[in-house]
Amino acid sequence: MGRPTSREGTISRGPSAPARTPAPYLLAAGLFVVVGCRSGFEAAEGDGAAADGRADDARVEARDADLDAGAEEGGLDADTGARDAMPDAPVIDATMPDGADDDAGPDAGGDGGPSTCVGSLDCDDGVFCNGRERCLPGDPTADARGCLPADAERCLPGQTCDEPTDTCITACGASTDVDRDGHDAIACGGDDCDDSRADVFPGAPELCNGLDESCNGVADDGSTACDRMGTIGACVAGRCTIRMCSTPWADCNGVSDDGCEADTRSDAAHCGACGATCGPGGTCAMRACDGVREVEAGATHTCVLRESGGLACWGSNGRGELGLGATGTMAREPLGVAAVTDALDLCAGTAFTCAVLRGGGVDCWGANDSGQLGDGRGMSGLESADPVAVVDVAGATAVACGGEHACALIGDGTVRCWGRNLEGQLGDGTTAPRVRPVQVQGLAGARAIASGGRHSCAIRSDRRVVCWGSNDEGQLGDGRGMLGVISTVPTEVAGLTEAEAMDAGISHTCARRTDGSLLCWGLDERGQLGNGTGGSGVIEPSPVLVMGGIVGVGGLGLGLAHSCALASGGGVACWGEASDGRLGDGEPVPPRGFVPTAVLVEGVTGALGLTAGDAHACVRIGSGSLRCWGRNLSGQLGDGTALTQVTPVPVVGFP
């Protein structure tokens with residue numbers, strides 16, 4: 001499981017297994033969309049309308065008689081024997097010369113014929129202002145004429161129907177600001193060059209889109225959309241393009257006709273040069289990728305914290321511990337945690353992860369069946385694949401994840417813990433589980449913290465170490481370790497002074513003193529204490545010295561049954577369980593299956609940070625490189641495979 005490296009003032013880790021209203025109408029360029037048509041048949045006075053009505057009745061009677069005669073001649077005009085103006089139409093008016101416009105009054109066609117359509121809708125040309133013809137209600141010849149009993153489309157408000165051209169034209173006496181941008185159409189004396197778009201008016205900002213927003217007669221001139229590219233930007237065919245590559249612009253996609261589109265100075269995908277990516281969760285500033293601040297391993301997953309505050313995780317994700325917004329699919333290489341961009345510290349536990357944010361709050365994600373997310377819920381099935389805020393925590397500077405609990409170091413030197421508490425690992429004097437953080441009793445002046453499988457520890461300002469929780473395998477280091485023994489409040493580690501850094505494994509703990517010496521205590525069945533002994537049932541309830549000539553110079557990483565430490569010269573040393581390549585030395589597993597003294601990890605130099613999970617470990621090298629080794633069934637090494645590695649391999653994106 002994940003073990004955080006402890007650092008002064010921070011934490012140690014360690015767990016277990018345009019802005020205008022759009023116009024209501026749109027007109028295609030050069031076309032009119034008809035949504036209404038004014039009737040040309042309007043009575044000026046009431047009496048006149050009545051008279052016209054009586055005249056229409058007479059015309060209809062005459063027309064019906066005429067139709068009877070025309071029908072006998074097979075649809076030919078009774079007077080001339082020729083067909084009507086509308087192809088295949090029956091005779092409409094036997095009294096008029098054929099080929100005339102048989103329409104409604106007023107007489108739009110000028111033929112003086114009777115009214116057979118509503119208003120001025122014409123019944124022989126098939127189209128009226130892009131609408132469809134409509135006969136008078138109850139017209140007995142509607143079907144025979146081919147007229148349709150459906151409403152015609154109408155012109156826009158402020159427009160009228162022009163019968164000769166069959167189009168809607170602007171009625172300049174009405175309002176012509178169709179798109180309501182404060183500018184009338186040019187056709188009626190206004191200044192709007194396209195009154196169907198609210199973003200088109202004199203002086204409007206010109207965009208690179210092939211349109212003339214400013215109404216000066218030229219499209220895309222002085223396109224402000226390309227200003228971000230400076231003097232080398234240009235608008236070509238409605239697209240912003242850089243015609244000439246110059247620092248810091250480059251053409252990184254190999255497409256010759258789309259310009260030099262990449263700013264290699266600040267683009268994380270091309271930081272400094274085409275293809276020089278910053279990796280998952282990384283940012284680029286002035287051609288430099290942000291570095292790696294911290295790497296933390298959980299039981300079977302791993303996460304990295306960048307200098308910018310971004311995160312990336314990989315490995316198992318069955319409970320949402322990678323923070324990707326979904327559970328179930330493992331990741332064999334790092335993926336950015338999009339929801340967190342301002343982290344200051346990080347820890348990984350058994351199937352959950354937590355981060356301290358710049359404002360002093362803490363976010364956690366993953367399993368929550370014991371309340372380890374600290375969000376006040378805590379129950380099986382309430383896991384979260386997205387970060388959730390830990391309640392009742394402010395001013396946090398560091399966080400440590402255990403098996404199913406976590407603790408936060410507060411700026412005033414106090415410590416608050418939450419989650420599983422059956423063995424007293426929260427230090428509040430009880431064994432009641434807590435879904436909200438509680439303060440560790442009797443602890444002040446804390447400067448570093450670590451959480452193990454079922455216990456927690458802190459380095460005080462006097463450089464002494466105190467621990468609390470389960471002590472059945474001597475993991476509290478107070479000399480009392482035995483089955484059934486717990487401590488619900490901090491107890492001092494026997495004889496340990498001048499502590500500078502520490503970490504906690506599942507059932508053992510180690511600390512580095514200011515002189516570089518390393519001491520460990522707790523379970524030693526697989527040689528994880530490094531003192532040259534180890535074996536079935538062996539425990540050390542008080543600190544013992546790690547052997548092998550190792551001098552610690554930095555962080556520690558404790559796993560399920562193995563331990564690692566940074567060594568002088570920039571190397572890494574490990575000891576304990578040797579199966580699955582977790583010691584990283586490339587050597588065959590010895591007959592006993594473990595190595596009880598420190599051995600050097602192969603090929604590691606310049607190491608700056610360290611972490612260990614249940615059966616794997618990772619090291620931070622230089623400013624941005626990561627190497628991992630050990631078990632890899634869940635992709636926890638981040639090398640793109642699920643193959644166990646007996647020596648360190650590069651993490652994808654962090655070469």
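Residues numbered from 1 in each chain as written. Predicted model: local features only at pLDDT ≥ 70, side-chain atom pairs only at ≥ 80, totals over all residues. Heavy atoms only, no water.

A word on the overall build of the protein
When helices and strands are tallied, the protein shows two helices and 36 strands. Put simply, the protein shows about 26000 Å² of open surface, and 53% of that area lies on carbon and sulfur atoms. (Helix = DSSP H or I, 4+ residues; strand = E, 2+ residues; numbered from the N terminus. Areas by Shrake-Rupley, 256 points an atom, 1.4 Å probe, with all protein chains shown as cover.)

Section: the sheet that holds strand E23 (residues 465-470)
The antiparallel open sheet is built from four strands, whose spatial order is E21-E22-E23-E24. Each edge of the sheet is formed by a strand with only one pairing partner; in this case those strands are strand E21 (446-451) and strand E24 (486-492). Averaged over all adjacent pairs, the angle separating strand axes in this sheet is 15 degrees, with direction ignored. Summarising the sheet, strand E22 (residues 455-460) and E23 pair through five bridges and their orientation is antiparallel. Bridge pairing in E23 links Ser456 to Trp468. (Pairing = 2+ DSSP bridges. Axes fitted to C-alpha atoms, helices over the stretch in contact; angles between N-to-C directions.)

Digging into the nonpolar core
Val304, Leu311, Val340 and Leu626 are the most contacted members of the largest nonpolar core, which has 24 residues in total. Per element, the largest residue contribution to this core is four residues, and it comes from strand E11 (residues 311-315). (Core = buried A, V, L, I, M, F, W, Y, C linked by side-chain atoms within 4.5 Å. Buried < 20%, exposed > 50% of the residue type's maximum accessible area, 1.4 Å probe, protein only.)

Some words on the pattern of salt bridges
Taken as a whole, this structure holds 20 salt bridges when the rule is applied. A salt bridge links Asp290 to Arg306; the shortest N-O distance between them is 3.7 Å. Of this pair, Asp290 sits in the loop between strand E8 (288-289) and strand E9 (292-297) while Arg306 sits in strand E10 (residues 301-306), placing them 16 residues apart in sequence. A relative accessible area of 13% places Asp290 in the buried class. Residue Arg306 is classed as buried on the basis of its relative accessible area, which comes to 3%. Of the charged contacts, one joins Arg464 and Glu492 as a salt bridge, the two residues approaching to 3.3 Å between their closest N and O atoms. (Salt bridge = Lys/Arg side-chain N within 4 Å of Asp/Glu carboxyl O.)

Digging into the environment of Pro543
Looking at the secondary structure, you find Pro543 in strand E28 (residues 539-545). For the pair Pro543 and Leu476, spaced 67 residues apart in sequence, the C-alpha to C-alpha distance is 9.7 Å. In contact with Pro543, not counting residues within four places along its chain, are Gly477, Val493, Ala494, Leu519, Cys520 and Trp521. (Contact = heavy atoms within 4.5 Å.)

Notes on the sheet that holds strand E17 (residues 396-401)
Here four strands make up an open sheet; going across it, the order is E17-E18-E19-E20 and the pairing antiparallel. The open sheet is flanked by E17 and strand E20 (434-439), the only strands paired with a single partner. Within this sheet the neighbouring strands show an average axis-to-axis angle of 20 degrees, counted without direction. With three bridges joining them, strand E19 (residues 415-419) and E20 adopt antiparallel strand pairing. Within the sheet, the bridge partner assigned to Gly419 lies in E20 and is Arg434.

Observations concerning the pairing of strand E14 (residues 352-357)
In regular strands, side chains alternate between the two faces of the sheet. Buried residues dominate E14, accounting for six of its six residues. Connecting the antiparallel pair strand E13 (residues 343-348) and E14 is a turn made up of three residues, with Ala351 showing a positive phi of about 65 degrees. Looking at chain direction, E14 and strand E15 (residues 362-366) are connected through five bridges and run antiparallel. The partner of Thr353 across the bridge, within E15, is Trp365. Linking E14 back to E15 in an antiparallel pair, the connection comprises four residues, with Gly360 at a positive phi of about 95 degrees.

Some thoughts on the pairing of strand E25 (residues 499-504)
The buried count for E25 comes to five of six residues, which makes it a mostly enclosed element. As paired strands, E25 and strand E26 (residues 508-513) are joined by five bridges and run antiparallel to one another. By the bridge assignment, Ala504 is partnered in E26 with Thr509. Where E25 hands over to E26, the hairpin turn is made up of three residues, counted between the paired strands.

Some remarks on unusual backbone geometry
One can expect most non-glycine residues to show negative phi and most peptide bonds to be in trans. Notably, Met286 is not glycine yet its phi reads approximately 50 degrees, a positive angle. Inspection of the secondary structure assignment puts Met286 in the loop between strand E7 (284-285) and E8. By relative accessible area, Met286 is classed as exposed at 63%. The backbone of Arg287 shows a phi angle near 65 degrees, a positive value even though the residue is not glycine. Its place among the elements puts Arg287 in the loop between E7 and E8.

Remarks on the environment of Asp363
With respect to the helices and strands, the residue Asp363 is situated in strand E15. Residue Asp363 is classed as buried on the basis of its relative accessible area, which comes to 13%.

Structural notes on the state of the cysteines
Applying the stated criterion to the full structure yields twelve disulfides. Paired by a disulfide, Cys193 and Cys215 hold their sulfur atoms 2.3 Å apart. Linking Cys193 and Cys215, the disulfide has an S-S dihedral of approximately -75 degrees and is accordingly described as left-handed. Of this pair, Cys193 sits in the loop between strand E2 (167-170) and strand E3 (233-236) while Cys215 is found in the loop between E2 and E3, placing the two residues 22 residues apart along the sequence. When its relative accessible area of 33% is taken as the criterion, Cys193 is described as partly exposed. Each sulfur of the disulfide joining Cys618 and Cys628 lies 2.0 Å from the other. The chirality of the disulfide connecting Cys618 with Cys628 is right-handed, given an S-S dihedral of about 110 degrees. Taken as a pair, Cys618 in strand E34 (residues 616-621) and Cys628 in strand E35 (residues 625-630) lie far apart in primary sequence, ten residues in all. (Disulfide = S-S within 2.5 Å.)

As for the side chain of Asp478
Looking at the element boundaries, Asp478 is found in the loop between E23 and E24. Here Asp478 falls in the buried class, since its relative accessible area comes to 15%. Not counting chain neighbours up to four residues away, the residues in contact with Asp478 comprise Asn471, Thr491, Glu492, Ala494 and Pro541.

Regarding the side chain of Arg512
Inspection of the secondary structure puts Arg512 in strand E26. Reaching out from Arg512, the side chain makes a polar contact with the side chain of Glu500 at a distance of 2.4 Å. (Polar contact = N/O pair within 3.5 Å; in protein donor to acceptor, adjacent residues only side chain to side chain.)

Points about the confidence of the model for the protein
When the pLDDT values of the protein are averaged, the result is 78; 70% of them are 70 or greater. Counted against residues more than four places away or in other chains, residues 1-128, with its pLDDT under 50, gives 337 contacts. Here residues 130-134 is modelled with pLDDT under 50, and outside its nearest four sequence neighbours on either side it reaches 26 contacts, counting other chains as well. (pLDDT = per-residue confidence, 0-100.)

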